[in-house]
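Residue-level structural notes
Listed below are the residues making up each chain.
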Amino acid sequence: MGNLKELIDKLENKRILSLEEFIELLSNFTEETSNYLFEKARNTSKKYFGNKIYTRGLIEFTNYCKNDCFYCGIRRSNVDVERYRLSKEDILNCCENGYELGFRTFVLQGGEDLHYSDDYIVEIVSEIKKRFPDTAITLSIGEKSYESYEKYYKAGADRYLLRHETANFKHYSMLHPENQTAKARQQCLRDLKKIGYQVGAGFMVGSPYQTIENIAEDLIFINDLQPQMVGIGPFIPHHATPFSDFPQGSLDMTLFLIGILRLMIPNLLIPATTALGTIDPNGREKGILAGANVVMPNLSPVKVRKQYLLYDNKICTGEEAAECRFCLANRMKKIGYELAVDRGDFVPLEK
Ligand code: SAM
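Computed from a prediction, not measured in an experiment: that's the story for all the values here.

Let's shift gears to the overall build of the protein chain. Counting its regular elements, the protein chain contains 14 helices and 9 strands. Computed over the C-alpha atoms, the radius of gyration of the protein chain is 19 Å, within 12% of the 20 Å expected from 2.2 N^0.38 for a compact globule of 351 residues. If one aligns the C-alpha atoms of the protein chain with their principal axes, the spans along those axes are about 55 × 45 × 40 Å. A buried classification covers 59% of the 351 residues belonging to the protein chain.

In structure tokens:
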């Protein structure tokens, strides 16, 4: 235990550990170690963000997907899914509603849906920026060419979320069909960074076949990439996927990793994810208390929410945007935090 506390102190000072040290920490942590880490992580968050939690309005605009990730409920092969697409007007309505509720970041997320050509994405992004110039736009629409990413950026997209899913190539191939590779995914992340996006990487905790060593590799990968955002959440099985019988990821491990990330990159934007809130009724609050500083309430029209099911039992699928916003504001208030009405950009550390 003493040794583990020393490792946490070392992480706080050096902002990185070796692969072996991460493995040691992740293999042996206890409740006491976690509390030691969380206190440091919370203090670090407070130093950079005070008691403010950034909010992102999430718009899940299409559940069509050309990919077939083995873990995902909206994978192409799942024929039980009732597919939907939101038009530009639908998306703008969500933004308008969100803007009135205080959102200054919109996250447009979807399956990889070729119905949305580059020109159409550019049109949507430009129109949002024209109508709501003081907002940030985050895209999360999967793997695209450098040229496509560049077009969206020039149209006004500020950020891009693309979880690397797992840094280990072999593990990646166990989670995806052959035509999807870790190499291509990681290249996308490098392209996005080069273009100038604020970039979000991330992975599922407890995904099938994941080892402690894989998680340590993810942490080293994140340190090398130095993204501005990292989204991690537990893997949760979906009944109509090849991974339906695998167990869900661990709450304790997810929280512990949030704490580690906070010490690794002190000014990092870390969401307390919906998946965390799905495996524990207070999962998002616990995420904040472990060092997260972002929440992403849903702005999608209620009528489509139950169709964007990446995993079973997803929360917040029946509520209006305003309800989600106020529910989260209350949850944050109860633990001493406040939702910010702010774009909530990444702020580089002073040298
Ligand atoms: N298509 C885009 C992409 O590939 O980045 C964005 C949408 S994708 C559904 C968003 C994220 O959902 C994935 O990066 C994955 O980590 C997460 N996800 C998918 N299935 C999941 C599951 N069963 N449990 C937890 N998270 C899951």
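Further notes follow.
For the ligand, the set of nearby residues contains 18 residues, the closest of which are Tyr-71, Gly-110, Arg-163, Glu-165 and Ile-236. Between the ligand and Gly-110, the relevant distance is 2.9 Å, taken from a nitrogen atom to a main-chain nitrogen or oxygen of the residue. In the model, an oxygen atom of the ligand is placed 2.5 Å from a nitrogen or oxygen of the Glu-165 side chain. Protein contact buries 92% of the 560 Å² of open area that the ligand shows by itself.

Next up on the list: the sheet that holds strand 9 (residues 338–340). Taken in spatial order, the 3 strands make up an open sheet running 8-1-9, and their pairing is parallel. Where the open sheet ends on each side, the last strands, each with one partner, are strand 8 (294–295) and strand 9. Looking at chain direction, strand 1 (residues 52–55) and strand 8 are connected through 2 bridges and run parallel. Bridge assignment links Tyr-54 to a residue of strand 8, and that residue is Val-294. Strands strand 1, strand 8 and strand 9 of the sheet are contacted by helix 14 (residues 321–334), whose axis makes an angle of about 130° with strand 9.

Following the sequence through the fold, Arg-104 ends up in the loop between helix 4 (88–100) and strand 3 (105–110). Given the relative accessible area of 14%, Arg-104 is considered buried. Looking at Arg-104, its side chain comes within polar contact range of the main-chain oxygen of Tyr-99, at 3.0 Å. Contacts of Arg-104, omitting those with residues within four sequence positions, involve Tyr-99, Asp-134, Thr-135, Ala-136, Val-341, Asp-342 and Arg-343.

With that out of the way, let us pick up helix 4. Helical geometry: 3.6 residues make up each α-helical turn, so side chains three or four residues apart lie on a common side. The end-to-end C-alpha distance of helix 4, which contains 13 residues, comes to 19 Å, matching closely the 18 Å that a straight helix rising 1.5 Å per residue would cover. Residues Lys-88, Ile-91, Leu-92, Cys-94, Cys-95 and Gly-98 constitute the buried set of helix 4. For helix 4, the arc enclosing every buried residue in end-on projection is 155°, short of the 170-degree limit, so these residues lie on one face. Buried residues along helix 4 sit in contact with strand 2 (57–62), strand 3 and helix 5 (118–131).

Once that is clear, we can look at the packing of aromatic side chains. With the rule as written, the count across this model stands at 14 aromatic pairs. Ring geometry for Tyr-48 against Phe-49: centres 6.5 Å apart, planes inclined by 55°, an arrangement best described as tilted. Look at Phe-49 and you get buried, because its relative accessible area is 11%. The positively charged end of Arg-85 is found above the aromatic ring belonging to Tyr-64, 3.8 Å away from the centroid. Looking at Arg-104, its charged tip hangs above the ring of Tyr-99, at a distance of 3.6 Å from the centre.

What follows concerns the packing of helix 2 (residues 19–28) against helix 9 (residues 212–225). Between helix 2 and helix 9, the least distance of the axes is 9 Å, while the angle of their chain directions is 125°. As far as their axial angle goes, helix 9 and helix 2 are oblique. The hand of the helix 2/helix 9 crossing is right-handed. Where helix 2 abuts helix 9, its residues Leu-19, Phe-22, Ile-23, Leu-26 and Ser-27 lie against Ile-212, Glu-213, Ile-215, Ala-216, Glu-217, Leu-219 and Ile-220. Looking at the contact of helix 2 with helix 9 residue by residue, the class counts come to 9 nonpolar, 1 polar and 2 charged.

It is worth spelling out the packing of helix 5 against helix 6 (residues 146–155) at this point. For the pair helix 5 and helix 6, interaxial distance at closest approach is 8 Å and the crossing angle is 20°. The pairing of helix 5 with helix 6 is recorded here as roughly parallel in orientation. In the packing of helix 5 onto helix 6, the handedness of the crossing is right-handed. On helix 6, the residues touching Asp-118, Ile-121, Val-122, Val-125, Ser-126 and Lys-129 of helix 5 are Ser-148, Lys-151, Tyr-152 and Ala-155. Taken together, the residues of the contact of helix 5 with helix 6 break down into 5 nonpolar, 2 polar and 3 charged.

Right, let's talk about unusual backbone geometry for a bit. Even without glycine at this site, Arg-15 takes up a positive phi of about 65°. Within the secondary structure layout, Arg-15 lies in the loop between helix 1 (2–14) and helix 2. Look at Asn-313: it is not a glycine, yet its phi comes out positive at around 65°. When you line up the elements, Asn-313 lands in the loop between helix 13 (302–305) and helix 14.

Rules of the game
Residues numbered from 1 in each chain as written. Predicted model: local features only at pLDDT ≥ 70, side-chain atom pairs only at ≥ 80, totals over all residues. Heavy atoms only, no water. Helix = DSSP H or I, 4+ residues; strand = E, 2+ residues; numbered from the N terminus. Rg over C-alpha atoms; globule rule 2.2 N^0.38 Å. Buried < 20%, exposed > 50% of the residue type's maximum accessible area, 1.4 Å probe, protein only. Near = heavy atom within 4 Å. Polar contact = N/O pair within 3.5 Å; in protein donor to acceptor, adjacent residues only side chain to side chain. Areas by Shrake-Rupley, 256 points an atom, 1.4 Å probe, with all protein chains shown as cover. Pairing = 2+ DSSP bridges. Contact = heavy atoms within 4.5 Å. Axes fitted to C-alpha atoms, helices over the stretch in contact; angles between N-to-C directions. Expected span 1.5 Å × (residues − 1). Arc of directions from axis to C-beta. Phe/Tyr/Trp six-rings, centres within 6.5 Å; stacked < 30°, edge-to-face > 60°. Lys NZ or Arg CZ within 6 Å of the ring centre and 35° of its normal. Parallel < 35°, antiparallel > 145°, perpendicular 65-115°, else oblique. Left-handed = near helix turned anticlockwise from the far one by under 90°. Nonpolar A, V, L, I, M, F, W, Y, C, P; charged D, E, K, R; others polar.

By themselves, these observations are geometric and do not establish any function.
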